[in-house]
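Chain residues, written in single-letter form:
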Amino acid sequence: MTAFLNYEQQGHVVTLTMCQPERRNPLTGNTAVAEILAACERIAADRSVRAVILTGEGSAFSSGGDIKTMQQQSFGDVDGMRIRDDYRRGIQRLPLALFNLEVPTIAAINGAAVGAGLDLACMCDLRVASDKARFAESFVKMGIIPGDGGAWLLPRVIGMARAAELSLTGRMIDAATALQWGLVSQVVPPEELLNAANALASEIAANPPQVTRMTKKLMREGMHQSLASLLELSAAYQALAHQTADHREAVSAFLEKRTPEFKG
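Reference entry: report on the structure contained in this document. None of the values given here were measured: they were computed from a predicted structure.

Thresholds applied
Residues numbered from 1 in each chain as written. Predicted model: local features only at pLDDT ≥ 70, side-chain atom pairs only at ≥ 80, totals over all residues. Heavy atoms only, no water. Helix = DSSP H or I, 4+ residues; strand = E, 2+ residues; numbered from the N terminus. Rg over C-alpha atoms; globule rule 2.2 N^0.38 Å. Contact = heavy atoms within 4.5 Å. Areas by Shrake-Rupley, 256 points an atom, 1.4 Å probe, with all protein chains shown as cover. Lys, Arg positive; Asp, Glu negative; His and termini not counted. Charge placed at Lys NZ, Arg CZ, Asp CG, Glu CD. Pairing = 2+ DSSP bridges. Axes fitted to C-alpha atoms, helices over the stretch in contact; angles between N-to-C directions. Core = buried A, V, L, I, M, F, W, Y, C linked by side-chain atoms within 4.5 Å. Buried < 20%, exposed > 50% of the residue type's maximum accessible area, 1.4 Å probe, protein only. 1 Å grid on protein atoms, 1.4 Å probe; cavity = no way out; pocket = protein on both sides within 12 Å on 5 of 7 lines; lining within 4 Å. Points joined across faces, edges and corners; volume = space filled by probe spheres on them. Nonpolar A, V, L, I, M, F, W, Y, C, P; charged D, E, K, R; others polar. Polar contact = N/O pair within 3.5 Å; in protein donor to acceptor, adjacent residues only side chain to side chain.

1. Considering the overall build of the protein
Next up, step 1: Scanning the protein for helices and strands turns up 12 helices and 10 strands.
Next up, step 2: Computed over the C-alpha atoms, the radius of gyration of the protein is 19 Å, within 12% of the 18 Å expected from 2.2 N^0.38 for a compact globule of 264 residues.
Next up, step 3: Projected onto its principal axes, the C-alpha positions of the protein cover 70 × 45 × 35 Å.
Next up, step 4: Within the protein, contacts between residues separated by at least 24 positions form 68% of all contacts whose residues are at least 6 apart in sequence.
Next up, step 5: Element-wise, carbon and sulfur atoms account for 56% of the exposed surface of the protein, whose accessible area totals about 13,600 Å².
Next up, step 6: Between the centroid of the 26 positive side chains of the protein and the centroid of its 28 negative side chains there is a distance of 3 Å.

2. Remarks on the sheet that holds strand 4 (residues 60-62)
Backbone hydrogen bonds hold the strands of a sheet together, and the pairing may be parallel or antiparallel.
Next up, step 1: If you walk across this open sheet you meet the four strands as 4-6-8-9, and the pairing is mixed. Where the open sheet ends on each side, the last strands, each with one partner, are strand 4 and strand 9 (172-174). When strand polarity is set aside, the average angle formed by the axes of neighbouring strands in this sheet is 20°.
Next up, step 2: In this structure, strand 6 (residues 112-114) lies alongside strand 8 (residues 134-136), joined through three bridges in parallel fashion.

3. Considering the nonpolar core
Next up, step 1: Membership of the largest hydrophobic core comes to 47 residues, with the highest contact counts inside it found for Leu16, Leu27, Ile43, Phe61, Ile109, Phe135 and Leu183.
Next up, step 2: Broken down by element, the residue count for this core peaks at seven residues, all from helix 1 (residues 32-45).
Next up, step 3: For isoleucine 109, the contacting residues outside a window of four places in its chain are Phe61, Ala121, Arg127, Val128, Ala129, Ser130, Ala133, Phe135, Val184 and Leu193.
Next up, step 4: Within the second largest apolar cluster, 14 residues are counted, among which are Ala51, Ala108, Val188 and Ala201.

4. Structural notes on the pairing of strand 3 (residues 51-56)
Next up, step 1: Within strand 3, six of the six residues are buried, which leaves it mostly tucked inside the rest of the structure.
Next up, step 2: Because side chains alternate across strand 3, one face comprises the buried residues Ala51, Ile53 and Thr55, and the other comprises Val52, Leu54 and Gly56, equally buried.
Next up, step 3: Looking at chain direction, strand 2 (residues 13-18) and strand 3 are connected through six bridges and run parallel. Looking at the pairing, methionine 18 lines up with glycine 56 of strand 3.
Next up, step 4: Two elements, strand 3 and strand 5 (residues 105-109), share four bridges in a ladder whose sense is parallel. From the neighbouring strand, isoleucine 53 faces strand 5, where its bridge partner is isoleucine 106.

5. Brief notes about the layout of surface pockets
Next up, step 1: Counted as a void, the second largest pocket has a volume near 430 Å³.
Next up, step 2: Every residue lining the second largest pocket is counted, 18 residues in all, and those nearest its centre are Asp125, Leu126, Lys216, Met219 and Arg220.
Next up, step 3: The element best represented in the lining of the second largest pocket is helix 10 (residues 209-221), accounting for six residues.
Next up, step 4: Of the residues in the lining of the second largest pocket, the class split is 10 nonpolar, three polar and five charged.

6. Some details on the side chain of serine 130
Next up, step 1: Mapped onto the elements of the fold, serine 130 is located in strand 7 (residues 126-130).
Next up, step 2: At a separation of 2.9 Å, a polar atom in the side chain of serine 130 contacts the main-chain amide nitrogen of lysine 132.
Next up, step 3: Residues contacting serine 130, with those up to four places away along its chain left out, are Ile109, Asn110, Ala175, Val187, Val188, Pro190 and Leu193.

Here it is, written out as structure tokens:
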């Protein structure tokens, strides 16, 4: 079986490309989970990385679950306890790995993002889409539930009402609707997608890397902490930020009316 994920770094930006276009980049029935987890570990260990782009080859970003695997599960070839363990040890590790990754992540959605493929996009911090992209939380159409954290992720991205509409109908929406609903922040022609994602990644990477990491962490923690708890964490992070060389550089550059150079 060919590798699922291509890892490429240019400067401070890593691009992860799902490269099984003939299968529409499924996340099960292959090595997708293991390779994405390994990439997250590699990124976490490399302090030179300041932003990550996740995209797909071919007509799909990701088609989600592999149908052949679902067929085996549905006909009793695999017992229920084994399926439960497979989820826990498999695809459910993806939202935890991407959610806890300190480096900002951008999903560059080149085509269909369906089921777990849509949820994978929602695991990223930002989403930009080709105008050919399509989106569906399609689990209900297959007679299953979002087993990969989609019921937690999607409402936090587009709100409960819109998430319920997608999840309970299984309806497909186009890129223009996704932009209107706030699912993505940009829609561009297909040939401009990676340029748009790289421009966004480069803008993020130009900022102090320690501060962008802490800012992402604060926003993630704010999704489930009380205001009082988040303020305490913010005070601690701010004390660290004020003592960094990049903060001193930012203040000096502002006073000297020049462009700062952040080194992390």
